[in-house]
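Tertiary structure, described
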Amino acid sequence: MGVADETADAVVVGGGTVGAWCACFLRRAGLARVVLIEKGFLGQGASSRAAGVVRMQGGTPEAVRLGQWSRRFYLGQRDEIGTDSGFTEQGYLLPCFTAAEVTAAHARLEMQRGLGVPVRWLDPGEVDAANPALAPGQTLGGTFCAQDGFISPPRNVAAYTVALIRGGVEVREHVAFLGLGGGGAAVETSAGRIGAGLVVLTGGPKLAAVGALAGLRIPAGGARHQVAVTERHPDLDPARVPMVFDLAAGLYWRPEEGGLLFGMSNPDEPPGENREVDEGYLAKMRARLAALVPVTASLGLRRVWAATIDYTPDHLPIIGRAPGLDRVTVASAGGAGMMWGPAVARAAADVALTGSSEVLDVSPLGLDRFDEAGHSRLATDPIALPFPERIAPS
Ligand SMILES: Cc1cc2nc3c(=O)[nH]c(=O)nc-3n(C[C@H](O)[C@H](O)[C@H](O)COP(=O)(O)OP(=O)(O)OC[C@H]3O[C@@H](n4cnc5c(N)ncnc54)[C@H](O)[C@@H]3O)c2cc1C
């Protein structure tokens, strides 16, 4: 393809939470013309379908920093853009069920406290007292952070839509990214060629496919993840129910409109795009939830959905310039785009503009941490959903 139909200072691919906030940050940093291209409509990927959990209790220092930055961002949104993503400070408990989990939790707690997270240890009696809906005597204690919480994912899509429009980003919905031209100096789209000073590639569960269009191998995948919301019950009043992550089982829950929202992935399922509800697995989720929160056993479900969640092999984000393409930056929140998304977006904008970021040291988080087979040099974030070990074919 030849001459660009138009030019922009930056073109961002993907209208999810990572691409959209990144486009806002690039514009705010002073770029005159920022174009966001989205093959469908804003938020149609994972970002509108998430559970919204925002946790500073990360398993690695990078995860903690991204959670802290994103939480601060959510708290400051109303002042900055006049609306917000609905962040609710609910408190988050990570209970332990084995002695090994207790040891690991204490080590994490020290690391998190060292980074300024107000997390504390609750002994088994304190866990039960703080969770009247939890079956008593189940845990060996757990870590608790009162400042963790959740956002409303649809509100977040609305908030970034407002921010994009107010900030003067040019949003092109129903325009697909088809590839790069001129060594990253232009972007080929379904609506023509855009000359680009900078390019940021996002795509959530589709990031590997976006990367392939750009000639890049990006080890990022997608897997089915199910979420359901129970009927209301007085025992599930938000004042009585902290958010809880049963890490070993991969099941989490939080209050939602007087009931419980709970979510889980099936780690044994082959990765790939899938938005059908798996009733059999939903029954397993319900059984585990009922063992821990007995009142839910008799409650019907008000909503159930399945969507494709993004993941990386080490459950850590990807933030870095594409190898050999200095103008092109790649960004993925690694399946944690509600708790890390704004920070990943800001760090990606910084990296695109300057090569580094004050959000965190991104040097370990680039594509160069993966070998040919997609294995990461970094230790896996231990506080993550149990995703498939291998990457979905894109
Ligand atoms: C059911 C579920 C529950 C979740 N719960 C949580 C949670 O509680 N906490 C948490 O932190 N995270 C959660 N997540 C993960 C979180 O939603 C994602 O990490 C986040 O939304 C990823 O944002 P993104 O912008 O990278 O991707 P997306 O939101 O998927 O956006 C990528 C966009 O790129 C577009 N695109 C793809 N290909 C192209 C192309 N060729 N051209 C143009 N555009 C393209 C897509 O249409 C899409 O809109 C959950 C996810 C799911 C599915």
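Scroll up to find the structure this text is about.
A short note on helix α1 (residues 17–28)
Between its terminal C-alpha atoms α1 stretches 16 Å, which fits the 16 Å expected from 12 residues at 1.5 Å a residue. Across the 12 residues that make up α1, a large majority, 10, are buried. At the C-terminal side of α1, G30 shows a positive phi close to 115°.

Examining empty space enclosed by the protein
In this structure the tally under the stated criterion is 2 cavities of 30 Å³ or more. When its volume is computed, the largest cavity comes out at roughly 50 Å³. In terms of lining, the largest cavity is formed by N131, A133, L134, R240, V241, P242, W253, L260 and V293. Of the residues in the lining of the largest cavity, the class split is 7 nonpolar, 1 polar and 1 charged. In this model, the second largest cavity occupies a volume close to 30 Å³. Looking at the second largest cavity, the residues that line it are R224, H225, Q226, M264, S265, N266, E269, D278 and Y281.

Some points on the environment of Y311
One can find Y311 in strand β17 (residues 301–311). With a relative accessible area of 0%, Y311 lands in the buried category. Between the alpha carbons of Y311 and W340 there is a distance of 13 Å; along the sequence they are 29 residues apart.

A word on the nonpolar core
Residues W21, L26, L36, L164, I319, V344 and L360 are the most contacted members of the largest nonpolar core, which totals 51 residues. What L26 contacts, discounting residues up to four positions off in sequence, is A10, V12, L31, V34, V200, A349, A352 and L353. Among the nonpolar cores identified, the runner-up in size contains 25 residues, and A8, V13, V210 and F370 belong to it.

Comments concerning helix α2 (residues 61–81)
Taking 1.5 Å of rise per residue, 21 residues should cover 30 Å, and α2 covers 29 Å from first to last C-alpha, within 8% of that figure. By the largest-angle criterion, L75 marks the main kink of α2, which is about 45°. In the stretch just after α2, G82 is the one whose phi turns positive, near 85°.

Concerning the sheet that holds strand β8 (residues 149–150)
Read across the open sheet, the 3 strands follow the order β3-β8-β4; overall the sheet is antiparallel. Two strands bound the open sheet, and with one partner strand each, they are β3 (53–54) and β4 (88–89). Here β4 pairs with β8 via 2 bridges, running antiparallel. Paired with E89 across the strands is G149, a residue of β8.

Examining the pattern of salt bridges
Using the criterion set out here, one finds 19 salt bridges in the structure. The partner of D84 in a salt bridge is R155, with the nearest N and O atoms 3.2 Å apart. Here R155 lies in helix α5 (residues 153–167) and D84 lies in the loop between α2 and β4, a separation of 71 residues in the sequence. For D235, the salt bridge goes to R240, with nearest N and O atoms at 3.9 Å. Here the residues in one salt-bridge network are E6, R33, E170 and R172, joined through shared partners.

Describing the environment of A223
Its place among the elements puts A223 in strand β13 (residues 221–230). Its relative accessible area of 5% is what places A223 among the buried residues. Residues A223 and D310, spaced 87 residues apart in sequence, show a C-alpha to C-alpha distance of 6.7 Å.

Considerations on the site of the ligand
Around the ligand, the structure places 37 residues, and the nearest of them are E38, S47, V53, F177 and G337. In this structure, K39 approaches the ligand through a main-chain N or O atom, which is 3.1 Å from a nitrogen atom. Within the backbone of G337, one N or O atom sits 2.8 Å away from an oxygen atom of the ligand. Contact with the protein chains removes 97% of the 1000 Å² of surface that the ligand exposes when unbound. Within the residue set of the shell around the ligand, elements represented by two or more residues are α1, α6 (207–213), β13 and β17. Per-element accounting of the shell around the ligand gives the leading share, 4 residues, to β17.

Parameters at a glance
Residues numbered from 1 in each chain as written. Predicted model: local features only at pLDDT ≥ 70, side-chain atom pairs only at ≥ 80, totals over all residues. Heavy atoms only, no water. Helix = DSSP H or I, 4+ residues; strand = E, 2+ residues; numbered from the N terminus. Expected span 1.5 Å × (residues − 1). Buried < 20%, exposed > 50% of the residue type's maximum accessible area, 1.4 Å probe, protein only. 1 Å grid on protein atoms, 1.4 Å probe; cavity = no way out; pocket = protein on both sides within 12 Å on 5 of 7 lines; lining within 4 Å. Points joined across faces, edges and corners; volume = space filled by probe spheres on them. Nonpolar A, V, L, I, M, F, W, Y, C, P; charged D, E, K, R; others polar. Core = buried A, V, L, I, M, F, W, Y, C linked by side-chain atoms within 4.5 Å. Contact = heavy atoms within 4.5 Å. Bend = angle between axes of the 7 residues up to and from the residue. Pairing = 2+ DSSP bridges. Salt bridge = Lys/Arg side-chain N within 4 Å of Asp/Glu carboxyl O. Near = heavy atom within 4 Å. Polar contact = N/O pair within 3.5 Å; in protein donor to acceptor, adjacent residues only side chain to side chain. Areas by Shrake-Rupley, 256 points an atom, 1.4 Å probe, with all protein chains shown as cover.

These figures capture arrangement, not role.
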